[in-house]
Every structure is written in structure tokens, then in C-alpha cells.
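Results of the structural survey
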Amino acid sequence: MFSLQRFTNFNRSLVNGVKFSTQTFQKYKQSCTDLTKLPKAQARAFINSLEAVISDGDGVLWLNDRAIPGSPEAFNALTSRGKKTFICTNNSTRTRMSLMEKACGMGFKVTVDNIISSSHALAQYLKDMGFDKLVYVIGREGLIKELAAVGIKYLDIGSDDMKGTVKDMMNTIDLNDNVGAVVVGFDEYFSFPKLTKACSYLMKPDCLLLATNTDERYPAGEMILPATGCFVRAIEACAERPAKVMGKPNKEFCAALLKNGLIKPQTTLMVGDRGNTDVLFGYNCGFYTLFVGSGTNTLQDIEKWRHSTDRELHKQVPDFYLPKLGDLMKILKD
């Protein structure tokens, strides 16, 4: 893990005899400025002024199991230049260790301490509050492994298919009285019985409803796959109460890094491909934001948000833009 150290208020960079600080670039806030269109010296000065870079994974560093061309080189170049680099993902299907192994296999130089994941954050949240009941999990192995790692007990996961009529299902459901939390992550086996069980547990006012994230969908070639947010919304609607979301855009996602002084908002850059998770997360934390066009959202989306009268949508407009993270090498290379 990065060692704690004290920094000046703003990291400074000297370019052609002119001193730049991160504060110098405040004028670019929510401007969606293409970094490659800035004078190279100025764009490089901005990168030099940063102390930490937090990047989303899927859509920024990789797509499914393949690195996006140029991303490993750019990410590693930032690390070699002394930046504190982190991969911050809402993906709840893998443990931090599994995510690290995936990243390293693609050429990214990271350790497990460089990984910030929603499943780990959720498990840590329950541990910190002294949770000692059972968890009903809608999710996959990565989520339950993170729960198990901190001593949280859970009911078995897997498929729970609808068999027969609703009446038949109701006669076979056996609710566990010791369940004190419903936890929702990505689950390709999401079903009517699971929805019924989750909302039945949540009839108890003291039963927690926690979600790893609320991402709505995953692009998959010519198809769109429903993501965790679809399951969360269904449960919220039926249970008639909101979930506490652990991942992006919740600023508590990296609260430990901020509290320990490992990162500072004014010298941190958040890189992402989604407006309502990555960019909004950066906005909520007070980071600079860089949107890359290699994933979910597009520049057309950003233009809609920029001209929207909805102030919440306007928060999703990033400070800077690159077609893909690998284009950062055009700035970093001499």
C-alpha cells in the first residue's frame, strides 16, 4: 500500500518557465475539454500536477477480458511518474484479488491495495457496523467471498427458478428468521422467487437493504445486458424503500483513502466511461474528471446533459475528454 505522506496544498509543475498548479485548471471544470486539443505543454502540466489517478475498469481499461489498446501503457506510465493509481470498479462478481489477477494478466501493474471494489466495500461496511446476522444475497461468488473474508455469514446463492404457479412457490418458500440484511449485486439468476424472498425479508423494518451499485446495463456487442441497477430498482419498488448504494457514485466509496490522506480531492483525477457512475462519483468527491469514449456513454450523451435544465444531469458533464485512455500517451511521450 502507498505510504502516508504530507503534500503541499497543490502539486506544482514547471513548464517553459511557467509554474502550473492543479488550481490553474479549475477553469476547465465541466467543460469536457479534449486533452489532445490543448497545447501539449499545458496538457502535460495538468497531468504532472496530479498526485492520484482513479480509473474505472470495464470500458476504460478493458472490455470484458481484453485490454483496450493503449490502456496498460497509459495506466503504467502514470504509475511510473509517481502517481498513486487505483482501479475503482462497481463490478461485484469478482473479489479484489481476482480483479488484481485479471488486471495483471492484461499488463496493468497493480497490487490488491490498488483495487477499490463495491463488493469489498459492502462487506467492510457490514463488518464495521458489527453485523452479526445472516445475509440474503442476490449476487455471485465474488460478493460472497468478500463477505466470508470478513466473517459475515450468508445464505447459499445460485439459481432459484420459478416452478409451477405463484401459489406453489409461496407454499415452498421458507424464510430464515435470522436474516438481517438483503444484499444485491449482479446476478444472472435473478428471478421472481428471489424478488419475493428479498422483499419478504425487507418487510422487517430493521432488515438492511444494501446494493453494490446501480449500473443499469452493460453493452455487449449488438446486445444490451441488464445490470445490477435493474435488480435493485425492482426490489426497491416492491419493498417500497431505497437501497444504500456502496459503489460509485457514492462518495463514501473511497472515504477511507480520503480520511487517511492517501488522496486529496484537488489533486485527484477520476477516469471513467459512464456519466451517472464514474463522472458523478468524481463530481461528488471533488475530483477532476476525465471521460473516455471507449465504453458506455458517448459525447452525444454529454452534450444532452450539458444543455439539460436538470442540474443533476449537468453534474455528469466531465472536465476533460479522451477518445480512449491510451491517447494519454500522445501527451506523456516526448
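Before any of the text, the structure's been laid out above.
The structure displayed is predicted, hence computed values, not measured ones.

1. Side note on the overall build of the protein chain
From N to C terminus, the protein chain includes 13 helices and 18 strands. Over its C-alpha trace the protein chain gives a radius of gyration of 21 Å, about what one expects of a compact globule, namely 20 Å for 334 residues. In terms of principal-axis extent, the alpha carbons of the protein chain reach across some 75 × 40 × 35 Å. When burial is assessed residue by residue, the protein chain has 51% of its 334 residues classed as buried. Here the contacts in the protein chain between residues at least 6 apart in sequence split such that 72% fall between residues at least 24 apart. Carbon together with sulfur atoms contributes 51% to the accessible area of the protein chain, which is approximately 15900 Å² in total. Of the side chains in the protein chain, 42 bear a positive and 36 a negative charge, and the two mean positions are spaced by 9 Å.

2. Structural notes on the pattern of salt bridges
Inspection of the entire model under this criterion finds 18 salt bridges. D56 is the salt-bridge partner of K248, the closest N and O atoms lying 2.8 Å from each other. Taken together, the positions of K248 in the loop between strand 15 (244-245) and helix 9 (255-259) and D56 in the loop between strand 4 (52-55) and strand 5 (62-63) put the pair 192 residues apart, joining distant regions of the chain. The partner of D327 in a salt bridge is K324, and the shortest N-O contact between them spans 3.1 Å. Assessed through its relative accessible area of 30%, K324 is described here as partly exposed. Through salt bridges with shared partners, one network takes in D56, K248 and D278.

3. So, the packing of aromatic side chains
If you walk through the whole model with that rule in mind, you get 14 aromatic pairs. Considering the side-chain rings of Y28 and F320, the 5.6 Å spacing of their centres and the 45 degrees angle between planes classify their relative orientation as tilted. Here Y28, found in the loop between strand 2 (18-21) and strand 3 (33-34), pairs with F320, found in strand 18 (residues 320-322); they are 292 residues apart in sequence, far enough to count as distant. According to the relative accessible area criterion, Y28 is buried, its value standing at 12%. The class for F320 is buried, based on a relative accessible area of 0%. Between F291 and Y321, the aromatic rings sit 6.1 Å apart at their centres with planes inclined by 25 degrees, giving stacked as the arrangement. Of this pair, F291 sits in strand 17 (residues 288-292) while Y321 sits in strand 18, and the two are 30 residues apart along the sequence. On the basis of relative accessibility, which here comes to 1%, the residue F291 falls in the buried class. Of the aromatic side chains, those joined through ring pairs into one cluster are F25, Y28, F46, Y288 and F320.

4. Thoughts on the packing of helix 4 (residues 118-128) against helix 5 (residues 141-149)
At a minimum axis distance of 8 Å, the contact between helix 4 and helix 5 shows a crossing angle of 35 degrees. As helix 4 packs across helix 5, the resulting crossing turns out to be right-handed. Together, S119, H120, L122, A123 and L126 of helix 4 and G142, L143, E146 and L147 of helix 5 make up the contact between the two elements. Within the contact of helix 4 with helix 5, the residues separate by chemical class into five nonpolar, three polar and one charged.

Each value, and the rule that gives it
- Residues numbered from 1 in each chain as written.
- Predicted model: local features only at pLDDT ≥ 70, side-chain atom pairs only at ≥ 80, totals over all residues.
- Heavy atoms only, no water.
- Helix = DSSP H or I, 4+ residues; strand = E, 2+ residues; numbered from the N terminus.
- Rg over C-alpha atoms; globule rule 2.2 N^0.38 Å.
- Buried < 20%, exposed > 50% of the residue type's maximum accessible area, 1.4 Å probe, protein only.
- Contact = heavy atoms within 4.5 Å.
- Areas by Shrake-Rupley, 256 points an atom, 1.4 Å probe, with all protein chains shown as cover.
- Lys, Arg positive; Asp, Glu negative; His and termini not counted.
- Charge placed at Lys NZ, Arg CZ, Asp CG, Glu CD.
- Salt bridge = Lys/Arg side-chain N within 4 Å of Asp/Glu carboxyl O.
- Phe/Tyr/Trp six-rings, centres within 6.5 Å; stacked < 30°, edge-to-face > 60°.
- Axes fitted to C-alpha atoms, helices over the stretch in contact; angles between N-to-C directions.
- Left-handed = near helix turned anticlockwise from the far one by under 90°.
- Nonpolar A, V, L, I, M, F, W, Y, C, P; charged D, E, K, R; others polar.

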